[in-house]
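Here are the chains, one letter per residue:
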Amino acid sequence: MDMHQRPVDARTFRAKLEGKSGKQYWRSLEELADTPEFREYLLDEIPQHTRSFDILSMDRRRFLTLAGASLALAGLSGCRWLPAKKVVPAAELSEDRTVSIPNIYATSVIEHGLATGVLVTSNEGRPTRIEGNPEHPASLGSNSSTVQATLLDLYDPERSQNVSEVNQGAYTISTWSNFLDTMRAALTATKDGTGFRILTETVTSPTLTHQIKTLLAKYPAAKWVQYEPLSRDNVLNGAKAAFGQPVNTLYDFSKADTILSLDADFLLSMPGHIRYSRDFATKRRVRSADISPEDPKKLTMSRLYMVESCPSITGTMADHRLPMRASQVEAFARAVAAALGVDAGAAAPAAVPKDWFEALIGDLKASSGTSIVVAGEHQPPAVHVLCHAINAALGNVGKTVNYTDAVESQPVDQLAALKQLAEEMKTNDAVKILLILGGNPVYTAPVDLDFARRVQTTRLTAHLSMQEDETSAACKWHLPAAHTLESWGDARAFDGTTSIIQPLIAPLYEGAHSDLELLVALTEPMPNSYDVVYNYWKEQKPAPDFEKWWQETLHDGVIKNSAFPTKTFTLSADAAKTATPAIPGAGQGLELLLLPDPTIRDGRFNNNGWMQELPKPLTKLTWDNAALMSQATAEKLGLAPAVGGLTVADNKLVELEIGGHKLRVPVLCLPGHPDDSVTVHLGYGRTHVGKIGAGTGFNAYLLRTTAAPCFAGGMKVTNTGETYPLVHTRSHHSMEGREILMEDTLEAFLKKPDFAKTEATTTPEIKEGDDKQTQVLENGEKRLSLYDAQDHEYKSDGNAFTYSWGLSIDNNVCIGCNACVTACQNENNIPIVGKDQVDRGREMHWIRIDRYYRGPISNPHTFFEPVTCMHCENAPCEPVCPVAATVHSKEGLNQMVYNRCVGTRYCSNNCPYKVRRFNFYKYTAGQPDPDKLRGNNDSPVLQLLSNPEVTVRGRGVMEKCSYCVQRIDLARITAKKEGRAIKDGEVVTACAQSCPTQAIVFGDVADKTTLVSKLKALPTDYLLLGELNTRPRTSYLARLRNPNPAIKEDAESDVERDTPVVE
Amino acid sequence: MSSATRRWWSNTVDIEETTIPGAHEDLVTDSMLPGKGHDYKNLGDRIAELILRQRVHPYAWLVTFGIGFMLLNVMLMSITYLLYKGIGVFGVNVPAGWGLDIINFVWWIGIGHAGTLISAILLLLKQKWRNSINRFAEAMTLFAVACAGLYPLLHTGRPWNAYWLLPLGPNILGLWPQFRSPLLWDVFAVSTYATVSALFWYIGLIPDLAMLRDKTTSKPLRVLFAMGALGWRGASRHWARYETAYMVLAGISAPLVLSVHTIVSFDFAVGIVPGWHTTIFPPYFVAGAVYAGFAMVLTVGIPVRAWYKLKDMITMTHIDWMAKIMLTTGLVVFYGYILEVFYGWYSGDKYEWAMILNRFFGPYKWTYYALLTCNGIIPQLLWSPKVRRSIPAIFLISQTVSIGMWLERFVIIPVSLHRDYLPSSWGYYTPSFWDWSMFIGTMGFFTVLMFGFMRVLPIINMFEMKELLFGNKHKHGQEAADRDPTHSHVVSMPDTAAHSDDHSH
């Protein structure tokens, strides 16, 4: 018997098939069976090898040999043949790489086409944590909640896993070869690509652009359309109107003394917002070095003026804020421009207090060259043009405002492009093949385009996405997309800096491919995205040391010096006079404003539990959106809720009607919202979404038209008489006159730098005769304790080094962006609990951002204060626990011993800060609603997400912030091995690491040289509920505002200061 | 009964001259056992009949027991569901970590207090009028403590680990519990209280069990009662030891009346929460407990005395006096409410004052007004002797007080918790279906135990009633004693142990 006569096996067979394409590709097994090899292959399970063996006539030895070999080979079927390539250098390489010590890789996360550089922690090949990449200009090591939330999307148990043929929303599992066969055949049939359209989201990726262009070169009649709902059309059109070409504007908030934001939420929504937050904070922060008693004027802060159509976190940071309907902003901008000497045409009188306006103009003039005027992305192009003109007039260009070429590979008016596409699709057969790469246009397209029907009636449609969504259901084919962390790619940041995206893990589901791979596979065999990206860059940088450059770039996560150079563009003379085409119904009746949701954005995070449960920064709403309006408007419409303090208010359900489009949505009053305007956030009310997103919120896209994608007037509101329960994590707005968040003006601070230190915010003084419960500290200071003096010895036994851990939170620069909340959730394996449980006050976040209002409900001051476990030295939780499950460490940590906890909840009752969270159910298993919550960490896929350094808590156990004790221990181990003390800055808690403004600083408070100690020594340092003598290790820096003294409305009286704002 | 049938457990016929301390206390009046025709035999028979002739139980018993049994099953279902799903089935949350679970715990414990007070303190104070009510008051204590005891166990997140609260020490658990926690003191206080109450109740039962043993004609019952009677023969030595043991236990129990609720109040007083952290709690809780306890004795006693025609044993005088105790303790409690408000203002502490304002004007204000009405205002009707002697009025007022005392715990626990220091954490507590089903279920548990008890053990202390009768009969003997001092000390003790009425002679 000749074993090697015909060396055919499954692998060679597969290779042969892979090489074929187009119509030659096999259609059925029968067809294939015609080949002699295959006939043979079909006959024998193990081709060639067993044919002549008759088990009955076999001798014992041969039988055993075969049996053994079969067993051994059977195990092989579980293996996958992947090309072994060492292509992933670690950012932090260690010679002694050990299992259980995570590796960290640099890569990028793409949002709206723009890259944010990140460092991803990989535990045994599982990405478990996304941090910012300090080398990346858009991140500087910080993070946003949405960037971190992409990690949860990777492990979404409801991700699509298969190529499917879709028929009227019914999915039939198919294969890539089936799809490619169909697609290639159809493409070949068009010859030059007539009727072929590629629809993508915003693209900045050089490689992807190159691939698209290559494809378009082959099919010249084909077209590439970009569309996403949160496009920058207004910015782009504004730039085109001003400069005649698409120009990218960069702002340098670190140099700005006066900022005027015309409805621009540059701290949360604009490209580069993480970076902008950092820059903004540098001009707001007060450090001891800045305070000079001789020359108090030396201390400066920037001053932010803001007019806004819906309260945003940027508005909360404003020193002067004016609520203004979106349609009025243009008139206001024109008035500002006119006042600054810009020929802006007819300046409509803006309804602005005179002193306010004059102060603003005065400040802007005074800080020529160090001011910024910035417009919101939903403001019409004219406002952007006016901004360019004002910045030019103020001499800011080249200083605080810089221009570069557009970052987008092909900057286009996306809405116009989509409109044109829809028109073409309407015409019979103009569009035959539509390939949608990412996005969810069927859901997000303006309602008047009737895009779903257009897609349904197109002959061949395919949608590449991670979820089976609305667009997938309308298409003929659904293709599973690979996650950013699963595939190679590249992208540009807001300033043009390019970075290579490297995967952290092979696609969890074998069928998933990236858009790059798919584009190549339309004409060639399915490639590996690595080859595509590698080859592209090799062409771009043909140098002998390309490999070195490649490795370095991957290591750093950015291509060095790839930021676009600053350029000078000529502002066209009459640009500022250009008026925007009239907004439909502008100025009539109620105005409707459509904005991206602060957490789930345009709907892309709709099935992301972290984002659904993350309280929106201002409303603290979770799991829903609402029609936001001012109290006065609600009262006028008879929709105001009864004044009361209940957690759950059944909100009135109204029907909004604009231009014949209707939407039923509940009303929520938002202090500071302009009157006669209603804001509805986009992204909710999806119909084809996973279990997390199902049944949440209301689809505002149903009110969005091509004529008015952002705002429009003439809306009708009808009370349906029904109510809808909106769930928020807090209901009480006021501080009740308690000194909980210390804030004052810069002026007051200069007069009295320690204004924040009051009886309420400091540890009580010792009085005569109080000796029994007195603690005498090492430095001789005496403190009175509510509890008996406990001699916590802050010394470690036997170790050479001792630490006293503490945290400082700077309320002055906390912008309330929630990045820390998601960071903590990710780092500490915190489960989501669902709307019903949030309703019951059982959300599990270990850090919460308290939001307080002060002042009139029409335009209050808004403050944020992040609250975590204070790690009190006299912790009220500790003595009341009957089983010693919460104890004090020698380093001052208030520790929670999960194993020991029986769950009496006494500690939580006795915690004055209410920072303890209780597992009322087995939340980590998705209870109480395992169907909806998808098993949370219990789901096999989601288990991959868990941080192995942190226990996953079970039912009936109390938990709370641990100061990221796992990170302290990691640093301790490293330091111990090196025989040194832990350095300042070596332990960074997850919240501190992600904070865009670096408002959170952690370290050793006993060592007076550490940053945290220096911050705590600042005069603005204060304790939350210090009067209770709990002696918290977490302290706060007071919030300072920098109002213009010329504006009277802000010179508030004490009466006003204490006026509670009731819901 | 002939001497041939006499068994070892039967009484001897010896009647010894016995010294009965306090038998001639002048508080024992005719009004405590009014009516004519009482003799030692029919008094014992009438009480024993409830056990030995089961048919005498009225239809009302069956209805009450039936309802109780259904509710008991509701409780069992609630417990099963709770253990299966988790503590989340209750309405508790953050900030209100405790809700109906702890309210009901404190409420039931409070109800138990009347039993101990009646049996121990009134005994020590030689208040003979307690004799007709002490047995079922003591039983009520035990059953209320049983209901209460369920809650601390079941309200924990992991009830299967609740034994970690026991001081099993390093040898078994590797760790002591945390002795600074009031919850641990609770474990000791409540378990001691339950143990001592059970002992006290049982010791008091022994002579009655012996009497039942002698009265019953059923052999198995006789064996059972005999086992319970521990060989009681009514010998003077037995009586002497009994009296000593009873007095010692009364001595041990008396401070428990004060300590248990004092310690329960520490659960709150030791906390830092405004509305909890107050030194007035121990006396105010004890008074409240006695208040609630007497209300419950009346709530149970009034129907029982009607159904079983015991109006001559549980008399209007009893009811009148219990009403007076309710009025007194109610006034103490009301004083506590007034002082809480005063302290809130006088302390100058903004959190304390905010807590008081929240009680008056907050979202739960109705509970506070209802509390003041139920516990403060309505019981003032008891100043009127007419009201004190009106059965419907007393019955309604008792229930009002029970509701009021429940509301008091509601006001203290969730109403204090839901709005404490940081307004950002303010929340709201709404009891869930399972909170209520568990609560109503424990009422069923209590009813089943109480009404079950009525059929197997004497609800009124037989021998102590005879003591009362003895006192009545020797009313004139009292006068004689004045003339002859020896008479009051050495008296002939006729069949106090019920030995001779039907068997021995």
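Residues numbered from 1 in each chain as written. Chains lettered and ligands numbered in written order. Predicted model: local features only at pLDDT ≥ 70, side-chain atom pairs only at ≥ 80, totals over all residues. Heavy atoms only, no water.

Brief notes about the sheet that holds strand β5 (residues 170-173) of chain A
Residue and element names in this part refer to chain A. Taken in spatial order, the seven strands of this open sheet run β5-β4-β16-β15-β14-β6-β7, and their pairing is mixed. Bordering the open sheet on either side are β5 and β7 (223-226), each of which pairs with just one other strand. Neighbour to neighbour, the strand axes of the sheet diverge by 20 degrees on average, direction disregarded. Strand direction decides the pairing type here: strand β4 (residues 164-167) and β5, joined by four bridges, are antiparallel. Within the sheet, the bridge partner assigned to V166 lies in β5 and is Y171. (Pairing = 2+ DSSP bridges. Helix = DSSP H or I, 4+ residues; strand = E, 2+ residues; numbered from the N terminus. Axes fitted to C-alpha atoms, helices over the stretch in contact; angles between N-to-C directions.)

Here we look at the packing of aromatic side chains
We describe a pair of aromatic rings using the distance from one ring centre to the other and the angle between the two ring planes. Scanning the entire structure with this criterion turns up 75 aromatic pairs over all chains. A ring pair is formed by W201 of chain B and F453 of chain B, whose centres lie 5.9 Å apart and whose planes are at 45 degrees; its orientation type is tilted. On the criterion of sequence distance, the pair formed by W201 of chain B in helix α6 (residues 182-215) and F453 of chain B in helix α16 (residues 433-456) is long-range, its members being 252 residues apart. By relative accessible area, which is 14% here, W201 of chain B ends up buried. The ring centre of Y443 of chain A lies 5.6 Å from the NZ or CZ of R686 of chain A, which sits over that ring. Seen from the ring of W61 of chain B, R455 of chain B lies directly overhead, with NZ or CZ sitting 4.2 Å from the centre. (Phe/Tyr/Trp six-rings, centres within 6.5 Å; stacked < 30°, edge-to-face > 60°. Buried < 20%, exposed > 50% of the residue type's maximum accessible area, 1.4 Å probe, protein only. Lys NZ or Arg CZ within 6 Å of the ring centre and 35° of its normal.)

A word on the interface of chain B and chain A
Each partner contributes residues to the interface: chain B has 60 residues there, and chain A has 59 residues. In total, about 4,800 Å² of surface goes out of reach between chain B and chain A, with carbon and sulfur atoms giving 55% of it. On the chain B side of the contact with chain A, V94, I272 and L422 of chain B bury the most area, a combined 15% of that side's loss. The tally of links between chain B and chain A comes to three salt bridges. D420 of chain B is the salt-bridge partner of K914 of chain A, the closest N and O atoms lying 2.8 Å from each other. Applying the counting criterion to the chain B and chain A interface returns 40 residue pairs in polar contact (both at pLDDT 80 or more). Looking at the side of chain B that touches chain A, the elements that each hand over two or more residues are α2 (59-85), α6, α8 (236-269) and α11 (350-361) of chain B. (Contact = heavy atoms within 4.5 Å. Buried area = accessible area lost by both parts, 1.4 Å probe. Salt bridge = Lys/Arg side-chain N within 4 Å of Asp/Glu carboxyl O. Polar contact = N/O pair within 3.5 Å; in protein donor to acceptor, adjacent residues only side chain to side chain.)

What about the nonpolar core?
Judged by nonpolar contacts, the single largest core of 334 residues is most densely connected at F266 of chain A together with W108, F268, F446 and M450 of chain B. If near-sequence neighbours (up to four positions away) are discounted, F266 of chain A is found in contact with F253, I259, S261, H273, Y276, F280, L304, T314 and V374 of chain A. With 44 residues, the next largest nonpolar core counts L208, L215, W488 and L519 of chain A among its residues. (Core = buried A, V, L, I, M, F, W, Y, C linked by side-chain atoms within 4.5 Å.)

Section: empty space enclosed by the protein
Residue and element names in this part refer to chain A. In the structure shown here, the tally under the stated rule is 16 cavities of 30 Å³ or more. As a volume, the second largest cavity reaches approximately 330 Å³. Counting residues per element, the ones that place at least two in the lining of the second largest cavity are α25 (835-839) and β31 (848-854). Sort the elements by how many residues they give to the lining of the second largest cavity and β31 lands first, with three residues. Grouping the constituent residues of the lining of the second largest cavity by class yields nine nonpolar, ten polar and nine charged. (1 Å grid on protein atoms, 1.4 Å probe; cavity = no way out; pocket = protein on both sides within 12 Å on 5 of 7 lines; lining within 4 Å. Points joined across faces, edges and corners; volume = space filled by probe spheres on them. Nonpolar A, V, L, I, M, F, W, Y, C, P; charged D, E, K, R; others polar.)

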